[in-house]
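Listed here are the chains, written in short residue letters.
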Amino acid sequence: MTETYDFRPAASVTPGLSVRVATADDGEYMAMPTGQDEAHLTMRLDALRNVPLFRDFDHDELVEIAALVTTRRYTKHQTIFREGDPGQSFYLILTGSVAVARIASDGRETILSILKERDFFGEMSIFDTSVRAANVRTLVETEVGVVERDGFLALIDRNPRIGRQLVISLSERLRAANKLIASTTSQDIRARLASLLLNLMQNFGESAPNGTRISLRLTNQEMANMIGTTRETVNRTLNRFWDEHLIDMRTTNVVITDADRLRAFTT
Ligand code: CMP
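Residues numbered from 1 in each chain as written. Predicted model: local features only at pLDDT ≥ 70, side-chain atom pairs only at ≥ 80, totals over all residues. Heavy atoms only, no water.

### Examining the pattern of salt bridges
Consideration 1: For the coordinates displayed, the defined rule picks out 17 salt bridges.
Consideration 2: Between Arg-102 and Glu-83 there is a salt bridge whose closest N-O contact spans 2.6 Å. With Arg-102 in strand E5 (residues 97-103) and Glu-83 in the loop between strand E3 (79-81) and strand E4 (89-95), the pair connects residues that are 19 residues apart, well separated along the chain.
Consideration 3: Overall, the relative accessible area of 30% leaves Glu-83 in the partly exposed class. (Salt bridge = Lys/Arg side-chain N within 4 Å of Asp/Glu carboxyl O. Helix = DSSP H or I, 4+ residues; strand = E, 2+ residues; numbered from the N terminus. Buried < 20%, exposed > 50% of the residue type's maximum accessible area, 1.4 Å probe, protein only.)

### Topic: the nonpolar core
Consideration 1: By size, the foremost hydrophobic cluster in this structure holds 31 residues, and its most contacted members are Leu-197, Ile-247 and Leu-262.
Consideration 2: At the level of secondary structure, the elements contributing two or more residues to this core comprise E5, strand E6 (109-116), helix H6 (189-204), helix H7 (220-227), helix H8 (231-243) and helix H9 (259-266).
Consideration 3: It is H6 that contributes the most residues to this core, eight residues altogether.
Consideration 4: Beyond its immediate stretch of four places on either side in the chain, Leu-262 contacts Ala-194, Leu-197, Leu-198, Phe-241, Leu-246, Ile-247 and Ile-256.
Consideration 5: Core analysis: the next-biggest nonpolar cluster, separate from the first, contains 22 residues, Leu-41, Phe-152, Leu-155 and Ile-162 among them. (Core = buried A, V, L, I, M, F, W, Y, C linked by side-chain atoms within 4.5 Å. Contact = heavy atoms within 4.5 Å.)

### Observations regarding H6
Consideration 1: Spanning 16 residues, H6 covers 22 Å between terminal C-alpha atoms, matching the ideal 22 Å at 1.5 Å per step.
Consideration 2: Within H6, burial applies to Arg-190, Ala-191, Arg-192, Leu-193, Ala-194, Leu-196, Leu-197, Leu-198, Leu-200, Met-201 and Phe-204.
Consideration 3: Of the residues that open H6, the one with a side-chain oxygen 3.0 Å from the backbone nitrogen of Arg-190 is Asp-188. (Expected span 1.5 Å × (residues − 1). Polar contact = N/O pair within 3.5 Å; in protein donor to acceptor, adjacent residues only side chain to side chain.)

Put into structure tokens, the structure is as follows:
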């Protein structure tokens, strides 16, 4: 399989938003703030309506939240912040996807999680007034909503429902992290890669004639960084899955053609 770093563009970028998108020349931390006028408030409102954290919020409550949110756009492969940075703000992904990763002292990256549209990040250092626990970088062009620390904490005080939703989401993350730890210590590589593909299918799957296409394209190196192995091993194992008709790699995005047999590896 050809190694590629050319991810699919974000599925959707807020329509009608005319802003300059930050480029690598702006520096890794630079993002372009998007407009703050009435039209942009309406757009932020539409985006917020779909965020699980604000589930069941009525229009007026969402207006209150939207007023606290500023939006920023990042190009693909931009760093939003790094482990060790001071945590000043909370982020909501409005469009796109990011990787949450840590870099070991030998330079090796471990991808802890991939977050997508409607997910949030940056809450940990907000709550414990510590520094950022991980790097966060974009995988595709990404638009985020940013809420400053004080505003976010005051918002939770006024709306305990957000606190409850946060606990639910953090429990899900802990569950996923536990699963990852268990799988990296006890499962063989086929099981680990099968789990990852099934997870990507669940989060980024779209229907295809021969199965389920994974819309997010990751390099073999990134997949290796998610399951604690090497790029060569991922390459070899993917080819084996392909030979066994579990996946199809003829197109630019991997298609899962036999999820049941992949799942059998993971049990
Ligand atoms: P914070 O420490 O402020 O900055 C890094 C963010 O990455 C962190 O908040 C969380 O939002 C997010 N994060 C850290 N670890 C994980 C994980 N295992 N799964 C998903 N997100 C994480």
